Amino acid sequence: LQGVRLSDPFDQLYGARVEALSSEAARVVRVLAAARLPLQRSTLLGVHPPDGRLTMRGLEEALTGGFVVESGSRVAVSHELCAEAVQTMELSLERQGVHAALAQQLEAEPALAAWHWRGAARPAEARAAHVSAAVRAARLDPGETVFEHCEQALELPSVEPVGAQAQSELLVMAAQAAAAAGTFRQAVALMRRAIDQRAARDASRSRGARDAATRVKLGQLYEELGRMQWNAGDREGAFDAMHRALGVMPSQPSRARGQVQASLAQHLMIDGRFAESAKVAAEALDTIDRAEAAGETVLAVRAHALCTKGVNVAYLGDPGAGLALLEQAASLSREAGRLDDLMRVAANRTYLLDLDLRREEALEVVQEFLAEARAGGLEATYGAFLRGNAADIMYQLGRWEEAERECRADIKWLSSRREVMWLSPLVFGLLLAESRADDEAASLVGKALLELQTVAPGQSTGIVLRSAVSLALWNGRVDEALSIAEREWPRVLQSDELSVIAYAASTSLEAAAAA
């Protein structure tokens with residue numbers, strides 16, 4: 001190579017070699033360097049960079065010279081450092097033109113197209129591609145990948161102002177993805193921004209007056225915000241958002257209003273406020289009946305409300321009637337094709353049967369619904385939750401080896417979604433603490449104690465307190481057992497469940513007696 005020394009930097013040496021190629025071969029190398037991943041030959045030859053078309057002759061020359069290598073049925077630049085060298089030697093406008101050409105060719109793969117539109121300094125096209133990629137990814141897993149694309153789209157500058165409605169919809173998608181990934185505080189922040197954006201848009205457009213459809217949409221966003229706040233550990237904020245949703249929505253009966261009422265009733269029930277929940281659930285069912293009479297489809301939301309009503313009825317003194325309502329809710333959920341509601345029914349049925357000391361029946365219910373979760377392809381999520389219930393019941397029956405097997409199978413599917421997964425490791429920690437008090441038990445109980453700080457006080461508070469105190473006593477750390485009991489006792493009192501308080505009180509007295 002003329003005018004090149006071996007002491008020159010690698011990018012200059014490699015750039016000189018590329019320049020020595022024919023223009024057709026050099027063009028192929030530059031396009032593959034910008035692509036940064038192997039491409040099918042047909043895809044590569046379909047790219048139209050600004051300086052001319054790509055040819056088979058140029059590709060063959062690049063392959064013969066070792067600049068391009070075959071990777072299965074695809075071709076790529078021989079090494080990542082070579083691609084970086086080519087990109088370094090190009091002017092910005094040249095690079096941007098190649099990236100734009102690649103983005104157009106890869107339009108069917110929006111995630112790749114988005115990356116190239118960013119490289120082409122075309123933010124509007126990049127934003128649209130990121131949104132398209134997020135929608136596509138949501139069909140497979142509405143979690144971290146969706147959130148990443150939404151975040152990238154939100155951060156991109158825009159030459160022309162993005163419409164308030166489009167911005168609000170993108171923020172909602174980002175919030176839902178963050179919630180699916182288990183980052184609920186981030187989801188709450190994004191949903192609040194989406195609501196503010198939507199409310200500001202409608203207020204400015206109509207001088208404060210909102211039509212019924214807009215009020216329904218805002219109410220649905222507030223209800224979803226409430227669920228996110230609940231999962232983030234903000235109970236009061238969650239209830240405020242759900243009440244706000246009902247206040248914003250038109251008072252006329254509708255499926256959407258019934259859905260918000262059913263959600264509020266569900267969370268009141270989970271909070272142990274059964275009488276309040278029963279009242280709201282009855283209002284929800286009345287709204288649903290009237291919406292159905294008006295011609296709306298209400299099958300799924302009716303199943304949701306009946307499930308909550310069944311638990312309330314059981315807790316307020318009639319477990320037989322409550323279980324019958326849950327069976328009715330299960331039938332409606334199957335008819336509506338709502339596997340998530342069906343699994344919620346399963347969890348509540350097993351819990352009520354366990355509470356009524358009908359534990360063998362509860363295990364039969366677990367096996368029945370576990371088969372449905374497996375058939376629906378959700379063994380790793382809802383199936384894991386059901387196995388957690390089974391492990392808890394087996395533990396109570398003294399079938400410790402079986403309980404441990406269920407828990408280990410559950411932990412195998414461990415994901416970032418705390419609301420699906422955290423019960424089984426908790427039961428497993430209690431099981432090991434009571435039976436072995438070894439290092440594995442200490443690790444699991446420690447994790448359970450940390451998790452306890454992120455959820456509302458409830459039944460789990462007493463279980464974790466028992467496991468932590470038992471572990472300390474088994475290992476002869478009496479002072480530590482008493483310290484744990486004193487620290488967690490105030491959270492026990494916040495649960496408002498007498499059975500939990502009694503369970504935790506006996507454990508705390510055991511620690512005090514040992515001290």
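See the structure above.
Reference entry: report on the structure contained in this document.

### With respect to the nonpolar core
Across soluble globular proteins, you tend to see nonpolar side chains buried next to one another.
1) Next: Leu190, Met191, Ile195, Leu225, Met228 and Leu264 are the most contacted members of the largest nonpolar core, which totals 45 residues.
2) Next: Secondary-structure elements contributing two or more residues to this core are helix H8 (123-138), helix H9 (144-155), helix H10 (164-180), helix H11 (184-206), helix H12 (212-231), helix H13 (235-248), helix H14 (255-270) and helix H15 (274-293).
3) Next: Setting aside chain neighbours within four positions, we find Leu225 in contact with Val188, Met191, Arg192, Ile195 and Ala241.
4) Next: Ranked by size, the runner-up nonpolar core spans 40 residues in total, among them Ala284, Ala330, Leu342 and Ala403.

### Topic: the sheet that holds strand S1 (residues 39-40)
1) Next: On the basis of which strands lie adjacent, the open sheet formed by three strands has the order S1-S3-S2 and antiparallel pairing. Edge positions in the open sheet fall to S1 and strand S2 (68-71), since each of these has one partner strand only.
2) Next: Strand direction decides the pairing type here: S1 and strand S3 (residues 74-77), joined by two bridges, are antiparallel. Paired with Gln40 across the bridge in S3 is Arg74.
3) Next: Against the sheet, helix H2 (residues 23-35) touches S1, S2 and S3, its axis set at about 90° to S3.

### Re the packing of H12 against H14
1) Next: The N-to-C vectors of H12 and H14 enclose an angle of 20°; their axes lie 10 Å apart at closest approach. The angle between H12 and H14 falls in the class roughly parallel. Viewed along their axes, H12 and H14 form a crossing whose handedness is left-handed. Together, Val216, Gly219, Gln220, Glu223, Arg227 and Trp230 of H12 and Ala256, Val260, Ser263, His267 and Ile270 of H14 make up the contact between the two elements.
2) Next: Residue classes in the contact of H12 with H14 are distributed as five nonpolar, four polar and two charged.

### A few points about the environment of Val366
1) Next: The topology assignment puts Val366 in helix H19 (residues 359-375).
2) Next: Each C-alpha atom of the pair Val366 and Asn389 lies 7.7 Å from the other, and the pair is 23 residues apart in sequence.
3) Next: Sequence-distant contacts of Val366, defined by excluding residues within four places in its chain, comprise Thr350, Leu386 and Ala390.

### Focus: the packing of helix H26 (residues 478-493) against helix H27 (residues 498-514)
In a packed pair of helices, the relevant descriptors are the angle between the two axes and the axis-to-axis distance.
1) Next: The contact between H26 and H27 brings their axes to 9 Å, and the two run at 155°. Judged on the interaxial angle alone, H27 and H26 are roughly antiparallel. In the packing of H26 onto H27, the handedness of the crossing is left-handed. Note on element contacts: H27 touches H26 through Val500, Ile501, Ala504, Ala505, Ser508, Ala511, Ala512 and Ala514, opposite Val478, Ala481, Leu482, Ala485, Trp489, Val492 and Leu493.
2) Next: For the contact of H26 with H27, a count of residues per class yields 14 nonpolar, one polar and no charged.

The rules we used
- Residues numbered from 1 in each chain as written.
- Predicted model: local features only at pLDDT ≥ 70, side-chain atom pairs only at ≥ 80, totals over all residues.
- Heavy atoms only, no water.
- Core = buried A, V, L, I, M, F, W, Y, C linked by side-chain atoms within 4.5 Å.
- Buried < 20%, exposed > 50% of the residue type's maximum accessible area, 1.4 Å probe, protein only.
- Helix = DSSP H or I, 4+ residues; strand = E, 2+ residues; numbered from the N terminus.
- Contact = heavy atoms within 4.5 Å.
- Pairing = 2+ DSSP bridges.
- Axes fitted to C-alpha atoms, helices over the stretch in contact; angles between N-to-C directions.
- Parallel < 35°, antiparallel > 145°, perpendicular 65-115°, else oblique.
- Left-handed = near helix turned anticlockwise from the far one by under 90°.
- Nonpolar A, V, L, I, M, F, W, Y, C, P; charged D, E, K, R; others polar.

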